[in-house]
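A look at the structure
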Number of protein chains: 2
Amino acid sequence: MNGDVAAQPMFSAYCPVFQDAVELIGRRWTGAIVRALLTGSNRFGEVLARVPGLSDRLLSERLRELEQAGVVKRTVYPEVPVRIEYDLTEKGRELEAIVGGISAWAEKWLTAAE
Amino acid sequence: MNGDVAAQPMFSAYCPVFQDAVELIGRRWTGAIVRALLTGSNRFGEVLARVPGLSDRLLSERLRELEQAGVVKRTVYPEVPVRIEYDLTEKGRELEAIVGGISAWAEKWLTAAE
């Protein structure tokens, strides 16, 4: 066992909602899509252009999942041609601290040659 | 475009190391395994018992990946029977804030009936 008292965490060893959240956020491309939406890209083509390697089909699928999860709101503007925007909901915007935390960790630990 | 200046994030739209980190952390079971290690489980059987649905094979695979990524350190104690412990490295322990952030978000947003 780990005897370091200071290392005691403030959460339980397993938590089903944590598991749901990490599977949602961790699904391939989802992190990158949320990151692009956080930085103000809200058109399908903009997000697609920002995320190298992401296909049309997978972006559609992920946006639909995020919409179903209440993280993204899809708005259709009845113009010609029709304009569709994807915005983060409040629930989605609150992922910013997590995205920021992962970025900070990644910049510290994954950029140095290992 | 989003006209809310206060919502401007402090990171770029796409970042390859963020992508590497989110794919590492987001891989199926990895979040739960890191969470179990953070809470002081450091024997293979302890982690296995803490994470419902995780198989022997996948736990071995994930621990090996985390060891290769420098997140987990495996120590073999030459006793009879041999004792093996898995501990988070400094790099691994610094995932605690991210795990905590995801937990807080999940507790706020995923526990209410939707």
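Residues numbered from 1 in each chain as written. Chains lettered and ligands numbered in written order. Predicted model: local features only at pLDDT ≥ 70, side-chain atom pairs only at ≥ 80, totals over all residues.

**Some remarks on the relation of the copies chain B and chain A**
The cut-off we apply is this: Here the copies are superposed with least squares, the fitted atoms being C-alpha atoms of residues at a pLDDT of at least 70 in both. We call two residues in contact whenever the C-beta atoms placed from their backbones are within 7 Å.
With an RMSD of 0.0 Å, chain B superimposes on chain A once it is rotated by 180° and translated 0.0 Å along the axis. The two molecules are tied by a two-fold rotation axis, judged by turn and shift. When C-alpha distances to the rotation axis are compared across chain B, the minimum falls at Gly26(B), with a value of 1.8 Å. Residue by residue, 100% of the interface of chain B is reproduced at the interface of chain A, so both copies engage with the same surface.

**With respect to helix α2 (residues 30–38) of chain B**
Residue and element names in this part refer to chain B. This is how the line gets drawn: Residues with at least 20 neighbouring C-beta atoms inside 10 Å of their own are called buried, those with 12 or fewer are called exposed, and the rest are partly exposed, where every C-beta is derived from the backbone. For the purposes of this entry, the term helix denotes a DSSP run of H or I that reaches at least four residues, the term strand denotes a run of E that reaches at least two, and both are numbered from the N terminus.
Most of α2 sits out of view: nine of its nine residues are buried. Residues of α2 that are buried: Thr30, Gly31, Ala32, Ile33, Val34, Arg35, Ala36, Leu37 and Leu38. Downstream of α2 by a residue or two, Gly40 has a phi angle that is positive, lying close to 95°.

**Describing unusual backbone geometry**
Residues and elements named next belong to chain A. Geometrically, the link from Val80 to Pro81 is a cis peptide bond, its omega value of -5° lying close to zero. Relative to the assigned elements, Pro81 resides in the loop between β1 (72–77) and β2 (83–88). Unlike most non-glycine residues, Trp29 shows phi in positive territory, near 85°. Within the fold, Trp29 resides in the loop between α1 (16–26) and α2 (30–38). C-beta crowding within 10 Å serves as the criterion here: with 20 such atoms nearby, Trp29 is assigned to the buried category.

**Regarding the interface of chain B and chain A**
The line we're drawing: Only Asp, Glu, Lys and Arg are considered charged in this grouping, and only Ala, Val, Leu, Ile, Met, Phe, Trp, Tyr, Cys and Pro are considered nonpolar; every other residue, Gly among them, is considered polar.
With 47 residues of chain B at the contact, the number on the chain A side is 48 residues. Counting residues per element, the ones that place at least two in the side of chain B that touches chain A are α1 (16–26), α2 and α6 (96–109) of chain B. Counting residues per element, the side of chain B that touches chain A draws most heavily on α6(B), which supplies 11 residues. For the side of chain B that touches chain A, the class distribution of residues is 24 nonpolar, 14 polar and nine charged.

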